[in-house]
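As a plain string of letters, each chain reads:
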Amino acid sequence: MAVSKSVLEEFTKGLWSENPVIKALLGLCPTLAVTNSALNGLSMGLATTFVLISSSTIVSIIKRVVPAQVRIPTFIVIIAGFVTVADIFLKAQFPPISKSLGPYVPLIVVNCLILGRSEIFASKHSVGMSIIDALGMGVGFSGTLVVLGSIREILGSGSLFNFKFLAESLFTPWVVMVLPAGAFLTLGFLIGMINFISSRKGSKGRAQP
Amino acid sequence: MKLLMIFISAAIVNNFVLTYFLGICPFLGVSRRLDTAVNMGFATTFVMTLTAAITWLIHKYILVAFNVPFLEYVTFIIAISSLVQFVEMFIRKMSPPLYRSLGIFLPLITTNCAILGLALFAVLREYTFLESIFFGVGAGVGFTIALVIMAGIREELEFADVPQSLQGAPMTLLVAGMLALAFMGFAGLLSV
């Protein structure tokens, strides 16, 4: 019973309490760069999740073989290998998505989230746990990217997943939201709002005996 | 003339931090104090220039020559991390005072996405050797400019009355957003 509970905990911590983007500010480069539409955010999230799960698995398997001094370069090479796989797959199967993500797919290599999870979690835990942890983190990361992408797409072009539901005559798109500046502002306000909500919750919780 | 255009474009118009979102981690992490920001900027510029040169050579004489372009990411990241390691050892031997001021930043640079991004962009745009180097220096200068401006603003921000939920990271992101807005003003300057 205790085992199944901790499995669930390892999974859900990535979704909210240790969400990589909102709480830990990891992997901000892709978060900000590709979230100009919900679809881009989702594809980036899925690609990152794939790399995260695969590299966490491998790192966890070889954790006893790799000497501590060369572990970081080893992890990076493993990650780079899987990023190459993801990149070639996207180019072959989804050329338009690969084109719109551009050089940000290879840049998953230096996404601190993946290296961070390898170093902090996968190199110290069993294979099964590492996969669960990576899955939770990946889902949390993807979810945040989709939320950010949706907000920016709705405000910036009046559509969601390329489906236009706000007519130009009713709503003038805020072009700035799909430009770089909009990314910083949206994420800033989003984190601020989440801090505000959780501080309200926290003070309420303290007030009750 | 083209070299100058590439330099200005990388440094100001298409600033790496504020328009490509490369190197956000150090941008948010090391921009608390002005003097550390300047040191970090110099260290990054130095590594960027060397990276631009070395990855260009690797791409031309290894990846293209042996027809293995799919190894690009793996070789570039290995080249960058070993380069950073060598630079660290070299500086420690040659100039201890410089090492004391730059030392702690060097390992951080390996995982700075701006460095790998620079190498990838240079390949993507098919720059020549000299153009790549100017691109590298320009990107480094642009990174330093953004970092130093940000550090200056954040030092002032210490005395400002920021709402509690926005303190720390959210406020920094909002300030960065406004900086990005300001840098959009340069957009029409060059047509590169």
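Since the model is a prediction, treat every value here as computed from it, not as a measurement.

Definitions and limits used
- Residues numbered from 1 in each chain as written.
- Chains lettered and ligands numbered in written order.
- Predicted model: local features only at pLDDT ≥ 70, side-chain atom pairs only at ≥ 80, totals over all residues.
- Heavy atoms only, no water.
- Helix = DSSP H or I, 4+ residues; strand = E, 2+ residues; numbered from the N terminus.
- Buried < 20%, exposed > 50% of the residue type's maximum accessible area, 1.4 Å probe, protein only.
- Rg over C-alpha atoms; globule rule 2.2 N^0.38 Å.
- pLDDT = per-residue confidence, 0-100.
- Contact = heavy atoms within 4.5 Å.
- Buried area = accessible area lost by both parts, 1.4 Å probe.
- Salt bridge = Lys/Arg side-chain N within 4 Å of Asp/Glu carboxyl O.
- Polar contact = N/O pair within 3.5 Å; in protein donor to acceptor, adjacent residues only side chain to side chain.
- Nonpolar A, V, L, I, M, F, W, Y, C, P; charged D, E, K, R; others polar.
- Patch = residues over 30% accessible without salt bridge, like charges linked within 9 Å, V, L, I, M, F, W, Y side chains within 5 Å.
- Areas by Shrake-Rupley, 256 points an atom, 1.4 Å probe, with all protein chains shown as cover.

Q: Could you give an account of the overall build of chain A, naming the residues involved and the relevant values?
A: Of regular secondary structure, chain A possesses 9 helices and 2 strands. Going from N to C terminus, chain A has its helices and strands arranged as α-α-α-α-α-α-α-β-β-α-α. For the C-alpha atoms alone, the extent of chain A along its principal axes is close to 65 × 60 × 30 Å. When the 209 residues of chain A are sorted by exposure, 49% land in the buried category.

Q: An account of the overall build of chain B is needed here, citing residue identities and associated values.
A: Counting secondary structure elements, chain B contains 10 helices and 0 strands. Moving toward the C terminus, one meets the helices and strands of chain B in the order α-α-α-α-α-α-α-α-α-α. For 192 residues, the compact-globule estimate of 2.2 N^0.38 gives 16 Å, and chain B sits close to it at 17 Å. Over its C-alpha atoms, taken along the principal directions, chain B stretches across nearly 60 × 45 × 30 Å.

Q: Give a description of the confidence of the model for chain A that names residues and reports values.
A: Residues and elements named next belong to chain A. Of all residues in chain A, 91% attain a pLDDT of 70 or more, and the chain-wide mean is 81. Per-element confidence in chain A is highest for helix α3 (residues 38-61), whose mean pLDDT is 90, and lowest for helix α1 (residues 2-15), whose mean pLDDT is 69. Below pLDDT 50 for its whole length, residues 205-209 participates in 0 contacts with residues either more than four positions away or in separate chains.

Q: Tell me about the confidence of the model for chain B, and name the residues and values.
A: Residue and element names in this part refer to chain B. Predicted confidence across chain B gives a mean pLDDT of 83, with 95% of residues reaching 70 or more. By mean pLDDT, helix α7 (residues 105-110) is the weakest element of chain B at 71, and helix α9 (residues 129-157) is the strongest at 89. Among the scores for the predicted complex, ipTM is 0.78 and pTM is 0.81.

Q: Let's hear about the interface of chain A and chain B: which residues, and what values?
A: The interface is formed by 36 residues belonging to chain A together with 34 residues belonging to chain B. Both sides of the chain A and chain B interface together cover about 3,000 Å² of buried area, and 86% of this is carbon and sulfur. When the buried area of chain A at its contact with chain B is split by residue, A:Cys29, A:Val110 and A:Phe184 rank highest and sum to 22% of it. Our count for the chain A to chain B interface comes out at 0 salt bridges. Inspection of the chain A/chain B interface yields 2 residue pairs in polar contact (both at pLDDT 80 or more). The greatest single-element share of the side of chain A that touches chain B, amounting to 12 residues, is contributed by helix α9 (residues 180-207) of chain A. Residues that form the side of chain A that touches chain B fall into these classes: 29 nonpolar, 5 polar and 2 charged.

Q: Could you give an account of the side chain of A:Asp87, naming the residues involved and the relevant values?
A: Relative to the assigned elements, A:Asp87 resides in helix α4 (residues 71-93). For A:Asp87, a relative accessible area of 4% translates into the label buried. With sequence-adjacent residues up to four places away left out, A:Asp87 is seen in contact with A:Val105, A:Pro106 and B:Tyr73.

Q: Please provide a residue-by-residue account of a nonpolar patch on the surface, values included.
A: Taken together, the side chains of A:Val175, A:Leu179, B:Met178, B:Leu181 and B:Met184 define a hydrophobic patch exposed on the protein surface, amounting to about 420 Å² of accessible area. Top contributing element to the nonpolar patch by residue count: helix α10 (residues 169-184) of chain B, with 3 residues. Tracing the chain through its elements places B:Leu181 in helix α10.

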